[in-house]
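Working through the structure, step by step
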Amino acid sequence: MSGEDIVPQPIQNSETAVRVVFGAAKRMSIAAEVQRIGASKVLVLATPQQSDAALEIAELLGPLAVGVFCKAEMHTPVHVTEAAMAQVAETQTDCLIAIGGGSTTGLGKAIAFRTGLPQIVIPTTYAGSECTPILGQTEKGVKTTLSDPSVLPEVILYDSELVRTLPVPMTVTSALNAMAHAAEALYATNRTGETTAMAIQGLEAFIDGLPRVLREPSDLLAREATLRGAWACGTVLGRVDMALHHKLCHTLGGAFNLPHAETHAIVLPHAIAYNARAAGRELQPICDLLGGENAGTALHAFAQKMNAPTALRDLGLQQRDLDHAADLATTKPYPNPQPVTRDDIRALLQAAWAEDAPIQ
Ligand code: NAD
């Protein structure tokens with residue numbers, strides 16, 4: 001499936017529906033999207049690395065744009081949000097456009113949370129933040145997370161042309177980051193038939209689309225397939241509870257400042273092999289899609305085939321940190337298919353650190 005397609009997405013706990021648009025070059029109709037919302041003073045958000053993309057959007061908006069703010073950073077630091085808020089007030093912004101990955105989306109959500117402004121998100125990675133009511137913010141080194149439907153965007157515009165520039169290594173880690181949402185959705189305690197179907201759809205999109213993207217990174221149909229996967233995986237992330245995998249990645253990212261997508265890519269096969277001990281039946285769709293008897297080892301083989309990073313030590317984590325990481329990851333209990341014990345998590349982390357095969 002390609003080209004124009006609009007998917008109304010009913011959101012849990014909210015009367016609003018997010019307008020989701022897929023298609024190559026869809027950003028060209030950005031002015032019409034703004035007018036549909038009834039806005040006329042748009043602030044465009046991006047990271048410094050994607051300022052060109054933000055400027056292109058501002059140019060397409062013409063007089064509808066009141067400025068660009070290209071200082072988005074990973075983990076949504078509050079001081080950056082406050083700097084953007086000053087520009088929002090100064091320009092009387094009435095609509096936000098976030099173009100980029102989860103970091104830029106996070107900034108847009110943080111401003112929307114404080115102001116109620118409508119948002120249009122143009123995702124350029126597969127992280128999926130645009131589909132969730134979750135906002136993580138950092139202040140003085142402490143990351144806090146909240147969930148509020150008011151941070152959901154009004155419009156998500158997936159333009160496959162924009163994701164072509166995502167470097168291949170990041171394409172792979174970002175895809176595995178998205179697949180992690182779907183994998184954990186398969187055994188979520190509050191899953192429904194609909195979320196399971198959507199998780200399988202998301203996994204399938206990446207298992208089919210990612211090898212095609214790697215063969216030809218500018219293949220727009222393959223890129224669009226992966227963006228559809230990102231939407232499905234992000235949507236289930238927003239609808240059901242995540243477990244061991246996401247808790248581990250949150251701990252490693254927060255305490256040791258490890259990069260988001262890479263950490264997800266490395267931990268995923270290990271966390272899923274761990275939970276396959278108790279949730280083999282729920283994880284069977286992964287074996288059906290990838291082959292093999294164990295969903296964790298199947299994901300491990302897939303990640304290796306995609307040339308994903310496979311060792312936490314390569315991200316700068318020291319072996320001596322593993323004890324502390326295991327302590328942090330097991331202090332607060334949470335629902336997980338396989339009981340979480342400190343010794344088991346220490347062993348899992350050791351394997352993920354040293355590039356060993358996932359422990360079954
Ligand atoms: P990112 O947004 O930090 O992007 C990484 C780098 O890649 C940035 O420099 C960015 O400008 C660049 N980039 C992005 N797309 C590009 C493209 N198409 N071409 C060239 N360069 C591009 O990375 P991410 O993995 O998308 O997001 C990670 C952040 O998102 C983390 O802070 C994470 O906590 C958050 N996140 C939040 C949620 C949520 O639901 N709240 C979900 C997923 C991720």
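From a predicted model like this one, the values you see are computed outputs, not experimental measurements. (Residues numbered from 1 in each chain as written. Predicted model: local features only at pLDDT ≥ 70, side-chain atom pairs only at ≥ 80, totals over all residues. Heavy atoms only, no water.)

Side note on the overall build of the protein
The test is simple: Only runs of H or I of at least four residues qualify as helices and only runs of E of at least two qualify as strands under DSSP, and these elements are numbered from the N terminus. In this setup the radius of gyration rests on C-alpha atoms only. A globule is expected at 2.2 Å times the number of residues raised to 0.38. Relative accessibility under 20% of the residue-type maximum defines a buried residue, over 50% an exposed one, and the middle range a partly exposed one, all with a 1.4 Å probe and only protein chains included. His residues and chain termini do not enter the charge count, which takes Lys and Arg as positive and Asp and Glu as negative. A charged residue contributes its charge at one atom only: NZ of Lys, CZ of Arg, CG of Asp or CD of Glu.
When its secondary structure is counted, the protein shows 14 helices and nine strands. Taken against the 2.2 N^0.38 rule, which gives 21 Å for 360 residues, the C-alpha radius of gyration of the protein at 20 Å falls within 12% of a compact globule. When its C-alpha atoms are laid out on the principal axes, the protein stretches across 60 × 45 × 35 Å. Per-residue burial for the protein yields a buried fraction of 57% across its 360 residues. Side chains of the protein carry 26 positive and 37 negative charges; the gap between the two charge centres is 2 Å.

A closer look at the pattern of salt bridges
Short version of the rule: Just to be clear on terms, a salt bridge is a Lys or Arg side-chain nitrogen sitting within 4 Å of an Asp or Glu carboxyl oxygen.
Counted according to the given criterion, the structure contains 14 salt bridges. Here glutamate 282 ties to arginine 281 by a salt bridge, and the two come within 3.8 Å at their closest N and O atoms. Judged by its relative accessible area of 69%, arginine 281 is exposed. In this structure, aspartate 323 and arginine 342 form a salt bridge, with 3.2 Å as the shortest nitrogen-oxygen distance. Linking aspartate 323 in helix 13 (residues 321–329) with arginine 342 in helix 14 (residues 342–354), this pair joins segments that are 19 residues apart in sequence. Relative accessible area serves as the criterion here: at 38%, aspartate 323 is assigned to the partly exposed category. A relative accessible area of 28% places arginine 342 in the partly exposed class. Shared partners join several salt bridges into a network, and the residues in it are Arg27, Glu56, Asp159 and Glu161.

Points about the packing of aromatic side chains
The condition is simple: Centres within 6.5 Å make a pair out of two Phe, Tyr or Trp rings, where for Trp the six-membered ring is used; the pair is then stacked when the planes are under 30 degrees apart, edge-to-face when over 60, and tilted otherwise.
Here the structure, examined in full by the defined rule, presents three aromatic pairs. Where phenylalanine 22 meets tryptophan 231, the ring centres are 6.3 Å apart and the plane angle is 85°; that geometry is what we call edge-to-face. With phenylalanine 22 in strand 2 (residues 17–22) and tryptophan 231 in helix 8 (residues 220–239), the pair connects residues that are 209 residues apart, well separated along the chain. Classification of phenylalanine 22 by relative accessible area gives buried; the value is 1%. Pairing tyrosine 126 with phenylalanine 206 gives two aromatic rings, centres 5.2 Å apart and planes at 75°, and the pair type is edge-to-face. On the criterion of sequence distance, the pair formed by tyrosine 126 in the loop between strand 6 (119–123) and strand 7 (134–139) and phenylalanine 206 in helix 7 (residues 193–215) is long-range, its members being 80 residues apart. For phenylalanine 206, a relative accessible area of 0% puts it in the buried group. One aromatic cluster in this structure is built from Phe22, Tyr158 and Trp231.

Overview of the packing of helix 9 (residues 244–256) against helix 13
Note the cut-off: Axis definition: a line fitted to C-alpha atoms, limited for helices to the stretch in contact. Angles are taken between N-to-C directions and run from 0 to 180 degrees. Oblique is the label for every angle not falling under 35 degrees (roughly parallel), over 145 degrees (roughly antiparallel), or within 65 to 115 degrees (roughly perpendicular). Here a crossing is taken to be left-handed if its near helix is turned anticlockwise relative to the far helix by less than a right angle, and right-handed if that turn runs clockwise. In what follows, a contact means two residues having at least one pair of non-hydrogen atoms within 4.5 Å. Residues are grouped as follows: nonpolar covers Ala, Val, Leu, Ile, Met, Phe, Trp, Tyr, Cys and Pro; charged covers Asp, Glu, Lys and Arg; every other residue, Gly included, is treated as polar.
At a closest axis distance of 10 Å, the pairing of helix 9 and helix 13 adopts a crossing angle of 125°. Judged on the interaxial angle alone, helix 13 and helix 9 are oblique. You can see that helix 9 and helix 13 cross each other, and the crossing is right-handed. Each of Leu248, Thr251, Leu252, Ala255 and Phe256 in helix 9 lies in contact with helix 13, whose residues at this interface are Asp321, His324, Ala325, Leu328 and Ala329. In terms of residue class, the contact of helix 9 with helix 13 is made up of seven nonpolar, two polar and one charged.

Details of the pairing of strand 5 (residues 95–100)
The following threshold applies: Paired strands, as defined in this entry, are two strands with at least two bridges between them according to DSSP. Classification remark: right-handed applies to a crossover when, strands pointing away from the viewer, the course from the first strand over the helix to the second runs clockwise.
Of all the six residues making up strand 5, six are buried; the element is thus mostly covered by neighbouring parts of the structure. Sheet topology note: the strand 3 (residues 42–45)/strand 5 ladder contains four bridges and is parallel. Within the sheet, the bridge partner assigned to leucine 43 lies in strand 5 and is leucine 96. Where the polypeptide runs from strand 5 across helix 4 (residues 102–115) and back to strand 6, its parallel neighbour, the crossover connection is right-handed.

Remarks on the pairing of strand 6
Among the five residues of strand 6, five are classified as buried, and the element is accordingly described as predominantly covered. Pairing geometry for strand 5 and strand 6, over five bridges, is parallel. Pairing of leucine 96 across the sheet is with glutamine 119, part of strand 6. The pairing of strand 6 with strand 9 (residues 155–158) spans two bridges and is classified as parallel.

Description of the nonpolar core
For the record, the criterion: Only buried Ala, Val, Leu, Ile, Met, Phe, Trp, Tyr and Cys residues count toward a nonpolar core, and they belong to the same one when joined by side-chain atoms within 4.5 Å.
The biggest cluster of nonpolar side chains holds 51 residues, and the ones touching the most others in it are Tyr126 and Leu176. For this core, the secondary-structure elements that each account for two or more residues are strand 2, strand 9, helix 6 (168–186), helix 7, helix 8, helix 10 (260–279), helix 11 (284–290) and helix 12 (295–305). With ten residues, the single largest contributor to this core is helix 6. Judged by nonpolar contacts, the second largest core, of 23 residues, contains Leu252, Leu312, Leu317 and Tyr334.

Comments concerning the side chain of arginine 346
Here is the rule we go by: Think of a polar contact as two N or O atoms within 3.5 Å of one another; within protein, one of them needs to be a possible hydrogen donor and the other a possible acceptor, and neighboring residues in sequence only count if both atoms come from side chains.
As for its placement among the helices and strands, arginine 346 is situated in helix 14. Under the relative-accessibility criterion, arginine 346 is labelled buried at 18%. Separated by 2.8 Å, the side chains of arginine 346 and aspartate 323 make a polar contact.

What about the environment of threonine 115?
Its place among the elements puts threonine 115 in helix 4. With 35 residues separating them in the primary sequence, threonine 115 and serine 150 have C-alpha atoms 9.7 Å apart. For threonine 115, the side chain forms a polar contact with the main-chain nitrogen of leucine 117, separated by 3.2 Å.

Some words on the site of the ligand
So the rule is basically this: For each residue, the test is whether any non-hydrogen atom lies within 4 Å of the molecule or strand; if one does, the residue is near. Only the protein chains shown count as cover for residues, and all accessible areas are computed by the Shrake-Rupley method using a 1.4 Å probe.
Around the ligand there are 22 residues in total, and Thr47, Ser103, Thr124, Thr125 and Thr132 lie nearest to it. Measuring from an oxygen atom of the ligand, one finds a backbone N or O atom of glycine 102 at 2.8 Å. Computed on the free molecule, the ligand has an accessible area of 860 Å², of which 85% lies beneath the protein chains in the complex. With three residues, helix 4 is the largest single contributor of residues to the shell around the ligand. For the shell around the ligand, the per-class residue count stands at seven nonpolar, 13 polar and two charged.

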